[in-house]
Every structure is written in C-alpha cells, then in structure tokens.
Amino acid sequence: MVLMQPERHGTPALAPGERVLVRLKPMGSGRYEGRTLRRIGETPGRILGVFKRGRTENRIIPTDRRSKAEWIVPVGQEGGAEADEIVLAEPVAQHLHLGLKPARVLERLGKLGDARSISLIAIHTHDIPQVFPDSTLEEAKRARGVRLGSRTDLRDIPLITIDGADARDFDDAVFAEPDPDHAGGFRLVVAIADVAHYVRPGSALDHAAGIRGNSVYFPDRVVPMLPEALSNGWCSLRPKEDRGCLFVDMRIDRAGRKTSHRFGRGLMRSAARMTYEDVQAAEDSHNNLGLPLPHLYAAFRTLLAARLERGTLDLDLPERKVVLDDQGRVASVAPRPRLDSHRLIEEFMVLANVAAAEELERLHMPCMYRVHAPPSDEKLEALRGFLSTLGISLPPGNQVHPRDFDRVLRRYAGTPESQLISEVMLRSQSQAAYSPDNIGHFGLALPRYAHFTSPIRRYADLLVHRALIKGLRFGRDGISDDQAAALPEIGERITETERRAQQAERDAIDRYLAAFMADRIGGRFAARISGVTRFGLFVTVTETGASGIVPFATLPDDYWQYDEREQTLTGRRTQKVYRLAQEVEVLLSEANPVTGGMVFHVIEEATAGHADERRAAGSARFRSGKRPPGKGPPGKGQPGKGGPAVGLPGDRPLGKRPPRR
C-alpha cells in the first residue's frame, strides 16, 4: 500500500486514475509513503460531471459510470455554474483526509438534457479535440480548386457517389462497365478525393489531422479530422463540380478476380450524388436513371462471388441507428439497414484497398497496412470449447481459416443458435490495427490490405495516398522521409485514436438510449442475454438495442454456478439456466442518461418486488458459497459491448463508413 502525501500548496490534488512518478519511502509491513515527483501527462486530472446545488454545499456527480464518488465544490469555486449543468472541473488541494474531495469548475458545457449535451459528454470524456487552431483554419481557407495540368481527365466518365442520406461530404466515387477485352469481366474505377493536394506533410493541417487521427461520428454531429472548408468543400466530390482525385482503374475477370490495376492522379466531375436507398430502389425497379447502375450491380455480384469463394468472416450483426428530432431528443431507434447498395460499395472499396497495398509493395514504398491478426490461442481454445457444446469442431492449431468460421455461420443461419454463435465468434476475434509491418487481414482473408478510400476522415488513408504519390511520381506532395521513418509510432497513435472514437461513439449511443428509455421505467421488454458473468447478466432490448445489467442479487433464489466455457449461469436447485443469446423478458428498473447505465430485472419467474425482498434477505448464493459482488455500477464491464474493433462489423466496410459518413 502506498500512502500519498498531500500535494504542494496551490497544486491540484491527484485525481483518480491520474499517473504520477513518485518517490517511495518504506514505512514497514508492506506500506510506503509516496511523494509526487512528476505528473505524467500534459494536463492534470479532469472531472466531467453534473453540477448539483444543495442547501449547504454544491456537488459534482461524475458522468463516468465507473466513478462512484461525488466531488464537493467549495464556495467560490463554482465558476458561475448553474444547477444541472454539465461542467468540466479539476481537483483542488486539500488538507483534510475525510469526506468528499474538493474540485473547482473550469468550464460550463451546457444544461443536462440540451440537444448538445450527450455528445459533449462523450467528446470531453475521451479528450477528443474539437476546435481547430487558427493556423489550421487559415490554411483550409486558402484552398482552391485544382487545375487539369498533368492530371488524367476523368470528367467524361460518369462516376457517382453513393452515401447515406445525411452525409455532407462525399469523398469516393465509383464507375463500372463491361470489359470489352474479356467476356464476363468488368472495368471498375474508384476515384477518391485528393486530400494530399491540400494537406501537405508538416503543415498545420497535417499536424491537426495527425493528432485527431480520424473523424468521430455522433447522432447529432461529426467531429471532423479536417476543417469544413476541406471536408465539406474542396475535398467533397460534389455533383457537376470539378474535383481533384486519386483513382485506381481496375479489371476483374468473370470469376471476380482482379487481373490488373492502374493508379492515377486525375480531375473528375461527379455525375450524381446518390443515397444507398436511391440506388437500391433504382435497382429493384430496374430503372437505371441514366446512370451505369446495372453495370455496378453486375460487377458487385461478380466480386461477391469471389469473396464467398475466398471465404471471409462476415459477422452481420445489427447496428443501431438513433434518429434525433429538431430539439435533439431521440425520436426513434431502429436497426441500421444493410442493403445490397451498401455491400456494393464495400466490395469496390475493398478491391481498391487491396490494389493500393499491392502497388506500394511493387514500388517498394512504405505502407500503412490495415492488419488483423488471427484469434489468439487462448481465445481460439475458448471458442472451440464453446462450439464443442453444440457439436461443432474447428481445425486444429493454427490451421483455422476465416472460411471455417463462415462455414459455421452459414450452417446455423436462421436458427435459434445463430445469434449466440455470432456473438461468441465476434468476441473471439482480435482487434484490427494500423501498422507498417504487414501480417495480413485475417477477417477478410487477404494477404495485404491498406486503407486508401477515405483520406478525408482517416489519417491512415492520407499516408497511403502520399506514399502512392511519391512512388508513382505524381507530384512533390508525397510522403516525407521523416514521416516514412515514423510510421510505426504513427500507426500506434492512429490505432489508439480510432479505438477512442469507437468508444466515444458507443458511449454516446448508450446515453441517448438511456435518455430514450428513461420515460419507460417499469416497462417490460423482450430482450436477449448479451453477457454472462460472475456478477450478473447483461441484456439487450430487442426493440431498441438498449443494453444494461441484470444484477446477480435480483435473480431467483438459488445456488448459481457459472460456466465460462458454455457462457451460462445454472441454478443448482431449480436447474434454471441463463445462457448467452437466450431470449428473456425484462423489466427496466433504472435508466441514467448521465452515465448511459441501465438496470433490468428478469421477470420470467418473479416480479421486481420479489427480487427486492430476496436482495434484502441476502438469499442468493454463488458456487463459491460466498455472496456475489453486488450489482456493481450499471453497464460496467459489459462483455462484448459494441464488439471488439476487429474490422467487422464495426469497421465495415474497411474502407468506408456505411451508411453515415
């Protein structure tokens, strides 16, 4: 145990989770006295919470569900905050060792419940930069359109953009036509906004984009990687307007195999801005709208056949779409549709990404690969153990291929076990990452793969563009030697920013759903068990996708046994079994929009009132014979919450964000 001495007078107190370098002094019996030498990090600890006024004292209730302790705000440290405002605060030095720790308000972020508040909580919780420096904005303002010059003129090719209905930036366009030289084959063109022309290595724009790493998407806003003058302006492929681009012209044969590719730097003019829904409706009604839609779909079906032959891991788990009204309140929550138009763009983008990686290897240029390792031995053995309970086997050792997983998914498609198998298989996967060292992409069953198709929102893609520009001698704005040498460190950083963005997006969705469900406390819902742990169950409501905890103490009175391999809780007396993906009926007892946490009770056998009586009596027992660890904070430790960042489905389509950009 380390007992930290108070900080120097005038220095903020240490915040929970803050990292410090300390000098230790032994005090005997395994105890040490610690004195702070240096705080590790650019800023001291910060507290994000809701300001509450009281009769005798004011407090801050943290928005982080993992933080149980409130903070007291001394008189004069309120910073003008009003009741129920979201505030950013910092700890202040204290000399008392008892009671709540004091904090001072630094910034007021708006009223709890305002349209902007939920996304702001996620942005500040995860330290996502949202204000561009003036120098960056000035550089973006000076941007102008590109001239043809030595570029390839693509303006006569009817390239079209296909995006979500709410998209404002369009950074990729596609075209397809039958290959006149090879029967059954196709010529495909994928054109990407020439972001590298505007964002030069070492510039203020480059520095800001490198720090952000990627754009972050919330139901009510986007925190872009680049200023709007570029992301929604010169780097957006608006219809009927000339735009600079990098493009890849590819040929595929009748089996969907790429036979050749050619990269170029061009000038294009989008023929139309289409939505996924528009494109799908046109295909279903056999109305091509005067565009090459039939050829796009024909090429897509050829590529899809090749993907199925290759054998990839396609975990088509539902994603939630939160729709807000004009006041920022949740109007509806529904599964995000996945149409063939989405899959079409996925296949085109994947092929372009493969071509980019192959081209950089041919040129012996550094490449920022998108890598996805096979499952670890530990996770694979756990998956094997689970599948064996269903009579399913996988190849031994390191011989497992994505097609083996795909075979299982297809075998059980449409069965009651389908959801369960998909959930467990998702949790067995590694996380995708960015690295200049290629290990291939396991999920896509590809030996080389690099993100090329969205430099407007991903720094990795911008690096790939720069490497292609230098290797193919397209201009003097290619990757610099210093940046090429720093690719390992850059890869680690942008992998971290991507995971930060994914977690922030999930946290925001959780809070929106909790706000939506708060008016339905006491309601009953059809749900599915999404996690089984030693301290309770986690359930996901079928209707909305809202997730929360079922505390162990609210389960029926029994001696519960936890089986990690089978992901079950079994009552020894009643033989009642709760298993992963099982359908249950639940009652919502708590919903906290501040933290996003929700608490449910399973109501198959007993009412919530009976559960309260059991909790008061302390009758539940675990296999160890000891009382379980209580209900814990809502939502803490939810296994598989949103799924690991493996590139599927959360990273789908590994080149483009569908359907929202």
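Because the structure is a prediction, the values reported are computed rather than measured.

Draft legend 1. View of the overall build of the protein. Helix and strand counts for the protein stand at 14 helices and 30 strands. Per-residue burial for the protein yields a buried fraction of 53% across its 661 residues. Considering only residue pairs separated by 6 or more positions, the protein has 69% of its internal contacts joining residues 24 or more positions apart. Total accessible area on the protein is roughly 29,700 Å²; 49% of this is exposed by carbon and sulfur atoms.

Draft legend 2. Main features of unusual backbone geometry. One non-glycine residue with positive phi stands out, namely Asp127, at about 55 degrees. Looking at the element boundaries, Asp127 is found in the loop between α1 (117-125) and α2 (134-141). Given the relative accessible area of 60%, Asp127 is considered exposed. Even without a glycine there, the phi angle at Leu289 is positive, about 60 degrees. Turning to its location among the elements, Leu289 is positioned in the loop between α5 (276-284) and α6 (293-310).

Draft legend 3. How the structure looks around the pattern of salt bridges. A full pass over the atoms with the stated rule returns 42 salt bridges. Its salt-bridge partner being Glu543, residue Arg520 comes within 3.1 Å of it at the nearest N-O pair. One end of the pair, Arg520, is in the loop between α13 (487-517) and β22 (524-533); the other, Glu543, is in the loop between β23 (536-541) and β24 (547-551), and 23 residues separate them in sequence. Since its relative accessible area comes to 27%, Arg520 is described here as partly exposed. Salt bridges sharing partners connect three or more residues here, namely Glu177, Asp179, Arg187, Asp249, Arg251 and Arg262.

Draft legend 4. The pairing of strand β25 (residues 559-563), seen in detail. The alternating pattern of β25 places Trp560 and Tyr562 on a buried face, while none of Tyr559, Gln561 and Asp563, on the opposite face, is buried. Across 4 bridges, the pairing between β25 and strand β26 (residues 568-571) is antiparallel. By the bridge assignment for β26, Trp560 is matched with Gly571. Hairpin connection, β25 to β26: the antiparallel pair is bridged by 4 residues, and Gln567 has positive phi, about 55 degrees.

Draft legend 5. View of the packing of α6 against helix α7 (residues 340-362). Relative to each other, α6 and α7 sit at 70 degrees, their axes nearing to 9 Å. As judged from the angle between their axes, α6 and α7 are roughly perpendicular. For the crossing formed where α6 meets α7, the hand is left-handed. For the pair formed by α6 and α7, the contact residues are Leu296, Tyr297, Ala299, Phe300, Leu303, Leu304 and Arg307 on the first element and Asp340, Ser341, Arg343, Leu344, Glu347, Phe348 and Leu351 on the second. Here the residues of the contact of α6 with α7 sort into 9 nonpolar, 1 polar and 4 charged.

Draft legend 6. Local environment of helix α10 (residues 418-427). A large share of α10 lies buried, amounting to 8 of its 10 residues. By the burial criterion, the buried members of α10 are Leu420, Ile421, Ser422, Glu423, Val424, Met425, Leu426 and Arg427. Those residues of α10 that are buried lie in contact with α8 (377-388), α9 (402-411) and β22.

Draft legend 7. Expanded view of the packing of aromatic side chains. One pass over the structure, following the stated rule, counts 5 aromatic pairs. Relative to Phe300, the ring of Tyr297 has its centre 6.4 Å away and its plane inclined at 85 degrees; by these criteria the two rings are edge-to-face. You can see Tyr297 and its partner Phe300 sitting in helix α6, 3 residues apart, about one turn around the helix. A residue is classified by how much of its surface remains accessible, and Tyr297, at 1% relative accessible area, is buried. For the pair Phe535 and Phe538, a centre-to-centre distance of 5.9 Å together with 85 degrees between the ring planes defines the contact as edge-to-face.

Draft legend 8. Inspection of the pairing of β22 at higher detail. Among the 10 residues that make up β22, 7 are buried, leaving the element largely enclosed by the rest of the structure. Sheet topology note: the β22/strand β28 (residues 583-592) ladder contains 5 bridges and is antiparallel. Bridge pairing in β28 places Arg528 opposite Glu583.

Draft legend 9. Inspection of the sheet that holds strand β4 (residues 47-52) at higher detail. The sheet built from 5 strands closes into a barrel, its strands ordered β4-β5-β6-β8-β7 with mixed pairing. Geometrically, the sheet is characterised by an average inter-axis angle of 50 degrees between neighbouring strands, direction not taken into account. Alignment of strand β6 (residues 71-73) against strand β8 (residues 101-111), held across 2 bridges, turns out to be parallel. Residue pairing across strands places Trp71 opposite Lys101, the latter belonging to β8. The strands touched by α1 within the sheet are β4, β7 (85-91) and β8, with β8 carrying the most contacts at an inclination of about 135 degrees.

Draft legend 10. Representation of the nonpolar core within the structure. Counting 83 residues, the largest nonpolar core has Leu159, Ile160, Val174, Leu188, Val190, Phe348 and Phe452 as its most contacted members. Counting residues per element, this core draws most heavily on α7, at 10 residues.

Draft legend 11. Structural context of a nonpolar patch on the surface. Side chains of Val2, Met4, Leu24 and Tyr32 sit close together on the surface and give an oily, nonpolar patch of about 320 Å² of accessible area. Mapped onto the secondary structure, Leu24 falls in strand β2 (residues 20-28). For Leu24, a relative accessible area of 45% gives the class partly exposed.

Draft legend 12. How the structure looks around the environment of Thr125. Structurally, Thr125 can be placed in helix α1. Sequence spacing of Thr125 and Leu88 is 37 residues, and the spatial spacing of their C-alpha atoms is 9.6 Å. Those residues in contact with Thr125 that sit more than four places away from it in its chain are Leu48 and Thr63. Polar side-chain contacts of Thr125 include one of 2.6 Å to the backbone oxygen of Ile121.

What counts and how
Residues numbered from 1 in each chain as written. Predicted model: local features only at pLDDT ≥ 70, side-chain atom pairs only at ≥ 80, totals over all residues. Heavy atoms only, no water. Helix = DSSP H or I, 4+ residues; strand = E, 2+ residues; numbered from the N terminus. Buried < 20%, exposed > 50% of the residue type's maximum accessible area, 1.4 Å probe, protein only. Contact = heavy atoms within 4.5 Å. Areas by Shrake-Rupley, 256 points an atom, 1.4 Å probe, with all protein chains shown as cover. Salt bridge = Lys/Arg side-chain N within 4 Å of Asp/Glu carboxyl O. Pairing = 2+ DSSP bridges. Axes fitted to C-alpha atoms, helices over the stretch in contact; angles between N-to-C directions. Parallel < 35°, antiparallel > 145°, perpendicular 65-115°, else oblique. Left-handed = near helix turned anticlockwise from the far one by under 90°. Nonpolar A, V, L, I, M, F, W, Y, C, P; charged D, E, K, R; others polar. Phe/Tyr/Trp six-rings, centres within 6.5 Å; stacked < 30°, edge-to-face > 60°. Core = buried A, V, L, I, M, F, W, Y, C linked by side-chain atoms within 4.5 Å. Patch = residues over 30% accessible without salt bridge, like charges linked within 9 Å, V, L, I, M, F, W, Y side chains within 5 Å. Polar contact = N/O pair within 3.5 Å; in protein donor to acceptor, adjacent residues only side chain to side chain.

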